[in-house]
Amino acid sequence: RSMAKISFSGTDELMATLQKANVFDDEMQEELLYAAGDIIVEELQNAVRASGFRTEAYASSVKYRKTIKQDKNGDPYITITAVGKNEHGTRRATVLFVLNYGRAKEYGQITGTYFWTKGVRNAQKRVNAELEKILTQKLKERGLL
């Protein structure tokens, strides 16, 4: 299970218009992904702080690398995760994963609070609104809207 997959619904038509006009370049792609990344990181940091677990110290470790990768369909993406390890040498991302989804009794029962999942959901709405704003602006600048 991956921790967060966010798709940008609602912005597809705007992006398609830009692509047709041949103005959807790497720079624009970068701007959109980083705008999304900033929002998602902020929402997830808030979610980690409010997880119901003592994870406040983990919040600042939630970040994304400014490296754009491509998935198997050639769609660009960035990875947002909790970087580093905790004082016990366990990856922070693993700890947050377990606290989000919970853990079975045989491994030491933990009831997940789905804080990360909720953070992603909150981010999704804000990301769509922000990207729509950026794309609309770009289309206007180029006289396509």
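Data block above holds the structure.
In short, a report on the structure.

Reading the values: the criteria
- Residues numbered from 1 in each chain as written.
- Predicted model: local features only at pLDDT ≥ 70, side-chain atom pairs only at ≥ 80, totals over all residues.
- Heavy atoms only, no water.
- Patch = residues over 30% accessible without salt bridge, like charges linked within 9 Å, V, L, I, M, F, W, Y side chains within 5 Å.
- Areas by Shrake-Rupley, 256 points an atom, 1.4 Å probe, with all protein chains shown as cover.
- Salt bridge = Lys/Arg side-chain N within 4 Å of Asp/Glu carboxyl O.
- Lys, Arg positive; Asp, Glu negative; His and termini not counted.
- Charge placed at Lys NZ, Arg CZ, Asp CG, Glu CD.
- Helix = DSSP H or I, 4+ residues; strand = E, 2+ residues; numbered from the N terminus.
- Buried < 20%, exposed > 50% of the residue type's maximum accessible area, 1.4 Å probe, protein only.
- Axes fitted to C-alpha atoms, helices over the stretch in contact; angles between N-to-C directions.
- Parallel < 35°, antiparallel > 145°, perpendicular 65-115°, else oblique.
- Contact = heavy atoms within 4.5 Å.
- Left-handed = near helix turned anticlockwise from the far one by under 90°.
- Nonpolar A, V, L, I, M, F, W, Y, C, P; charged D, E, K, R; others polar.
- Phe/Tyr/Trp six-rings, centres within 6.5 Å; stacked < 30°, edge-to-face > 60°.
- Core = buried A, V, L, I, M, F, W, Y, C linked by side-chain atoms within 4.5 Å.

**As for a negative patch on the surface**
Thinking step 1. Together, Asp25, Asp26, Glu27 and Glu30 line one region of the surface with negative charge.
Thinking step 2. Note that Glu30 resides in helix α2 (residues 26-49).
Thinking step 3. Among the residues examined, Glu30 registers a relative accessible area of 37% and is labelled partly exposed.

**Quick look at the packing of helix α3 (residues 92-101) against helix α4 (residues 115-141)**
Thinking step 1. Between α3 and α4, the least distance of the axes is 7 Å, while the angle of their chain directions is 90°. Compared by their axis directions, α3 and α4 come out roughly perpendicular. For the pair α3 and α4, the contacting residues are Leu96, Leu99, Asn100 and Tyr101 in the first and Phe115, Trp116 and Thr117 in the second.

**Thoughts on the packing of α2 against α4**
Thinking step 1. Where α2 meets α4, the closest approach of the two axes is 8 Å, and the angle between their N-to-C directions is 150°. Here α2 is positioned roughly antiparallel relative to α4, judged by the angle of their axes. Between α2 and α4 lies a crossing of right-handed hand.
Thinking step 2. Grouping the constituent residues of the contact of α2 with α4 by class yields 17 nonpolar, two polar and six charged.

**Description of the packing of aromatic side chains**
Thinking step 1. Under the definition given, this model contains three aromatic pairs.
Thinking step 2. Seen from their ring centres, Tyr34 and Tyr64 are 5.9 Å apart, and the 35° between their planes marks the pair as tilted. Pair noted here: Tyr34 is in helix α2 and Tyr64 is in strand β1 (residues 62-64), with a separation of 30 residues, a long-range link. Judged on exposure class, the residue Tyr34 and its partner Tyr64 are both buried.
Thinking step 3. Ring geometry for Tyr101 versus Tyr114: centroids 5.9 Å apart, planes at 85°, classification edge-to-face. Residue Tyr101 is found in helix α3, and its partner Tyr114 is found in the loop between α3 and α4; the two are separated by 13 residues along the sequence.
Thinking step 4. Judged by relative accessible area, which is 17%, Tyr101 ranks as buried.

**What to know about α3**
Thinking step 1. Ala93, Val95, Leu96, Leu99, Asn100 and Tyr101 are the residues of α3 that are buried.
Thinking step 2. Buried residues along α3 sit in contact with α2, β4 (80-82) and α4.
Thinking step 3. Positive phi appears at Gly102, one or two residues downstream of α3, with a value of about 90°.

**Digging into the nonpolar core**
Thinking step 1. Residues Val48 and Trp116 are the most contacted members of the largest nonpolar core, which totals 38 residues.
Thinking step 2. Of all the secondary-structure elements, those providing two or more residues to this core are α1 (12-20), α2, β1, β4, α3 and α4.
Thinking step 3. In terms of residue count, the dominant contributor to this core is α2 (12 residues).
Thinking step 4. In this structure Val48 touches Thr55, Tyr58, Ala59, Val62, Leu96, Phe115 and Trp116, once residues within four positions along its chain are discounted.

**A word on the pattern of salt bridges**
Thinking step 1. Evaluated as defined, the whole model comprises four salt bridges.
Thinking step 2. The shortest N-O distance in the salt bridge between Glu42 and Arg126 comes to 3.3 Å. With Glu42 in helix α2 and Arg126 in helix α4, this residue pair connects regions lying 84 residues apart in the sequence.
Thinking step 3. Here Lys133 ties to Glu130 by a salt bridge, and the two come within 3.4 Å at their closest N and O atoms. Highlighted residues: Lys133 and Glu130, both in helix α4, separated by three residues, approximately one helical turn.

It is worth stressing that arrangement in space is one thing and function is another; only the former is reported here.
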